[in-house]
Amino acid sequence: MRVGFFLASRQLKRSGKGTTILITFIMVLTFLNLVVVSGLLVGLISGSFKQFREAYSGEVLITSADGRDYIENSPALIAFLESHPKVSAISPRYSVGVQMLGSLTDLPGKNEKPNRIGITLTGIDPDREEVITGFSRFLKYGEPLEEGDEGQVLLGANMIKKYSSFADANIPGLSLLEDVDIGNRVRVSFSREGGGVVSKEFIIKGIVKSKVDEISTRAFITDRELKKLLPVNKEQVQAIAVKTDYEYATTLVAETKVFMEGHAARIQTTDEAIPSFLRDIETTFRILGNALSSVALIVASITVFIVIFINAVTKRKFIGIMKGIGISPQAIQFSYIFQALFYGVVGSAIGVILTFGILKPYFDIYPIDFPFSDGILVATAEGAAIRIAILLAVTLIAGYIPAKIIVRRNTLDSILGR
Amino acid sequence: MIKIEKLVKTYGSGELELVVLKSLTFEVKAGEFVAIIGPSGSGKSTLLYQLSLLDEPTSGEVTLDGIRTGELSMQEKTDIRLGKLGYVFQDYALLPELTALENVALPIIMQGHTMQESYVKASLALERIGMVDKKHNVPSQLSGGQQQRVSIARAIAHEPQILFADEPTANLDSANGIRVMEAFRDLHTKSNQTIIMVTHEPEYAAFAGRIITLVDGTIVSDERKKDLP
């Protein structure tokens, strides 16, 4: 092995620099193909998970249990969370399903659909929401909602024809408000429990837009105003977003479940709250990424094989001479394996520097503008280590086989070039 | 030291069979400087390959230090080549990526010596053939004669019992050829090195103490000289 290393190091040091650079470059590209391509594919979905957490759920999301209108025991739960040392902020949200009428004066003609949509009206505390989600960053037009606002509403862009990304999609059942913009009045109405209708007019103060549906498809007023509209259960909220350490979220969920024993509520970490279809897409993208990585691995192994094979064939005479003067075939094989490993290690090292030093920070700052997410590069040290191990194993085999083929040839035939 | 008995080497079979060595028998004793000469195609290089364990005879026996080499495995032959034999090839056969010092040190490292020991021994070998000042040059920075002398240093650095040389002056001009032959003679006279050399040039064969002449695979003469030129 020592002689193999000796030969390999000298060959690498004194053979053509261009060849070494070219092979190393191929190995870098292979590494990037292994880590970055699949990382970007997965990152398109993971970006949406990240946005869901940052724009809506926090690290823990508590919502009404199935079949319930609100989170039971809400006031005590809010007090529990506010006093929890690991909770840095919470945002309780009131939500009610409403009908929103866009045209207050013109009644629809015969065979005309009314300019009306069904929408979730959410009452928020703007200051608390700002701490959890930085809500003001979603304001695309108009002015932000403020604590003392009355009769003012922020509308999700995807519910207004002028701003919606789906306006030209003609999706069956999708209704959008037409001829509605900032400063216009809309009428909100919803059924009162026990009969009757609550109705109130709001002025559109701003348009909010995000790749998170919970922002772009809802209407927002202050929680204080919504509480006034609600006839009953004024203190019971429909959702609470909780900000805590990401790593602590599971523990907090468990603690909260213990606290809420006997009270109905759905308590989930942000990862649990993500819709399963998004998880399925993530799995699909991961499989696609792995398939692409496999192709990259095959290409890399063939490249290394060809390079080592040509290298060994052109040096067949010298291999014969080495065997002739008593250098063991194993030592000669090791020299080629070391060379292959060198290409793999250097290529991987450069790939790691590029990935974690340049590409990952770049995509964190400038994510890919994907329609339903801001795509990031998902690359972990553990994942990269596994891929490096696979790459090196493949490289090692690709270096060993051609060396073995050439070294096993008859010594004298090699020396005489027969 | 080395003995061959009824050594036959053929290539091909049937009508295409070519008998290159025809039942050769002779012995080389320790300390001898033997030149094998003969015209092209006489089988002298083929004989050297059998003697140096680079090839296997079709029949007959090569015995080295009492060891019947026909019974050895490939690995055992490799070990013997590394430990007991040294080679000087016609075209120098230095590894192009290694310096002169590294080329010479390679077999010594392979023997298990430390790098430092190997380089010391290699330097000594280069010094013996007057090439120590070129030890950091790679082969492409050396002339043909210098490369062949480095090749000799590599062949003797691990102190082999027998040094084999296959047409060592074939690619050299007359002046360099003489210098190489003088190096062989010095090795023989000063270190009592056993040398078996193939050449087709009588003036270089004259440096040897014994000349075996081969024609068509048969020994036609085997002469010992009392005095070196």
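Small disclaimer: the values here were computed from a predicted structure and weren't measured.

Reading the values: the criteria
- Residues numbered from 1 in each chain as written.
- Chains lettered and ligands numbered in written order.
- Predicted model: local features only at pLDDT ≥ 70, side-chain atom pairs only at ≥ 80, totals over all residues.
- Helix = DSSP H or I, 4+ residues; strand = E, 2+ residues; numbered from the N terminus.
- Rg over C-alpha atoms; globule rule 2.2 N^0.38 Å.
- Buried ≥ 20, exposed ≤ 12 C-beta atoms within 10 Å, placed from the backbone.
- Contact = placed C-beta atoms within 7 Å.
- Pairing = 2+ DSSP bridges.
- Axes fitted to C-alpha atoms, helices over the stretch in contact; angles between N-to-C directions.
- Domains from an automatic or database assignment.
- Parallel < 35°, antiparallel > 145°, perpendicular 65-115°, else oblique.
- Nonpolar A, V, L, I, M, F, W, Y, C, P; charged D, E, K, R; others polar.
- Core = buried A, V, L, I, M, F, W, Y, C linked by C-beta atoms within 7 Å.
- Expected span 1.5 Å × (residues − 1).
- pLDDT = per-residue confidence, 0-100.
- Left-handed = near helix turned anticlockwise from the far one by under 90°.

## Quick word on the overall build of chain B
Counting its secondary structure elements, chain B contains 7 helices and 10 strands. Taking 2.2 N^0.38 as the reference for a compact globule, 229 residues should give roughly 17 Å; the C-alpha atoms of chain B span a radius of gyration of 17 Å, in line with that estimate. With the principal axes as the frame, chain B shows a C-alpha extent of 50 × 40 × 35 Å. Per-residue burial for chain B yields a buried fraction of 49% across its 229 residues.

## Structural notes on the overall build of chain A
What chain A contains, in helices and strands, is 13 helices and 12 strands. Taking 22 Å as the expected radius of gyration for a compact globule of 418 residues, we find that chain A reaches 32 Å, considerably beyond that expectation. Based on the C-alpha atoms only, the size of chain A along its principal axes is roughly 105 × 50 × 30 Å. Pairs at least 24 residues apart make up 80% of the contacts formed inside chain A by residues separated by at least 6 positions.

## Looking at the sheet that holds strand β6 (residues 85-88) of chain B
Strands in a sheet are paired, the pairing made by backbone hydrogen bonds, and the direction either parallel or antiparallel. Residue and element names in this part refer to chain B. Sheet architecture is open: 6 strands sit in the order β6-β7-β8-β3-β9-β10, paired in mixed fashion. At either end of the open sheet lies a strand with only one pairing partner, and these are β6 and β10 (218-224). Between one strand and the next, the sheet's axes are offset by a mean angle of 15°, whatever the strand orientation. Sitting on the sheet, helix α1 (residues 44-51) is in contact with β3 (33-37), β7 (162-166), β8 (194-198) and β9 (210-215), with an inclination near 145° to β8.

## Topic: the domain arrangement of chain A
Quite often, the size of an interface is put as the accessible area lost when its parts meet. Per the domain assignment, the segments of chain A are domain 1 (2-52 + 278-416) and domain 2 (65-264). Relative to domain 2 of chain A, the C-alpha centre of domain 1 of chain A lies at a distance of 51 Å.

## A short note on the pairing of strand β3 (residues 116-124) of chain A
Residue and element names in this part refer to chain A. Bridge analysis of strand β2 (residues 87-101) against β3 gives 8 bridges, and the strand direction is antiparallel. Looking at the pairing, V98 lines up with I119 of β3. Pairing between β3 and strand β8 (residues 218-222): 5 bridges, direction parallel. Looking at β8, one finds that L121 is bridged to A219.

## Overview of the packing of helix α2 (residues 17-57) of chain A against helix α9 (residues 276-314) of chain A
Residue and element names in this part refer to chain A. Two numbers describe how α2 lies on α9: the axes approach to 8 Å, and their chain directions differ by 175°. With respect to their mutual orientation, α2 and α9 come out roughly antiparallel. Its residues assigned to classes, the contact of α2 with α9 comprises 19 nonpolar, 9 polar and 2 charged.

## Concerning the nonpolar core
With 176 residues, the main nonpolar core has I240 of chain A together with I36, V104 and A153 of chain B as its most contacted residues. Among the elements that line this core, the one with the most residues is α2 of chain A, at 16 residues. Split by domain, this core shows at least three residues from each of two domains, domain 1 (2-52 + 278-416) and domain 2 (65-264) of chain A.

## Overview of helix α12 (residues 381-407) of chain A
Residues and elements named next belong to chain A. Over its 27 residues, α12 extends 38 Å from the first C-alpha to the last, a length consistent with the 39 Å expected when each residue adds 1.5 Å. Along α12, the residues that are buried comprise R387, I388, L391, V394, T395, A398, G399, P402, A403, I406 and V407. Turning to α12, the residues buried within the fold contact α2, α9, α10 (316-324) and α11 (329-365).

## Details of the interface of chain A and chain B
On the side of chain B, 18 residues touch chain A, which itself brings 18 residues to the contact. The biggest single contributor to the side of chain A that touches chain B is helix α1 (residues 2-14) of chain A, with 6 residues. Residue classes in the side of chain A that touches chain B are distributed as 8 nonpolar, 6 polar and 4 charged.

## Description of unusual backbone geometry
Phi is positive for N73 of chain A, which is not a glycine, with a value near 60°. Tracing the backbone shows N73 of chain A in the loop between β1 (60-63) and α3 (74-83).

## Looking at the pairing of strand β1 (residues 2-11) of chain B
Consecutive side chains of a regular strand alternate in pointing toward one face of the sheet and then the other. Residue and element names in this part refer to chain B. When β1 meets strand β2 (residues 18-28), the two strands line up antiparallel, connected through 7 bridges. What sits directly across from L7, in β2, is L24. Both β1 and strand β4 (residues 59-64) contribute to a ladder of 5 bridges, which runs antiparallel. Paired with V8 across the two strands is S59, which belongs to β4.

## Regarding the sheet that holds strand β5 (residues 67-68) of chain B
Residues and elements named next belong to chain B. Taken together, 4 strands build an open sheet; the order of strands is β2-β1-β4-β5 and the sheet is antiparallel. Each having just a single partner strand, β2 and β5 make up the two edges of the open sheet. Those strands touched by α1 are β1, β2 and β4, and its axis lies near 125° from that of β1.

## Focus: the environment of L126 of chain B
All names here are of chain B. Relative to the elements of secondary structure, L126 occurs in helix α4 (residues 115-128). Residues L126 and A157, spaced 31 residues apart in sequence, show a C-alpha to C-alpha distance of 8.2 Å. Leave out the neighbours within four places in its chain, and L126 touches A100, L101, V104, M131, V132, K135 and A153.

## Remarks on α1 of chain A
Its 13 residues give α1 of chain A an end-to-end C-alpha distance of 18 Å, which sits within 8% of 18 Å, the value for a rise of 1.5 Å per residue. Among the residues making up α1 of chain A, those that are buried are V3, G4, F6, L7, A8, R10 and Q11 of chain A. Of the surrounding elements, those touching the buried residues of α1 of chain A are α11 of chain A together with α3 (100-110) of chain B.

## Some thoughts on the confidence of the model for chain B
Taken residue by residue, chain B gives an average pLDDT of 88. The fraction at 70 or more is 98%. Model confidence for the complex is summarised by a pTM of 0.72, with the ipTM given as 0.84.

## Details of the packing of α3 of chain B against helix α5 (residues 144-157) of chain B
Residue and element names in this part refer to chain B. Across the interface, α3 lies against α5 with an axial gap of 8 Å and an inter-helix angle of 25°. One finds that α3 runs roughly parallel with respect to α5. The two elements α3 and α5 meet at a crossing, and its hand is right-handed. Packed against α3, whose contacting residues are A100, N103, V104, P107 and I108, the element α5 presents V150, A153, R154 and A157 at the interface.

## Things to note about the environment of I368 of chain A
Residues and elements named next belong to chain A. Counting through the fold element by element, I368 comes out in strand β11 (residues 368-370). For the pair I368 and L155, spaced 213 residues apart in the sequence, the C-alpha separation amounts to 26 Å. Sequence-distant contacts of I368, that is, excluding residues within four places in its chain, are made with L44, F363, D374 and G375.

## Considering the environment of P85 of chain A
Residue and element names in this part refer to chain A. In this fold, P85 is placed in the loop between α3 and β2. Exposure remark for P85: the 6 C-beta atoms within 10 Å place this residue in the exposed category. The sequence separation of P85 and S210 amounts to 125 residues, and the corresponding C-alpha distance is 31 Å.

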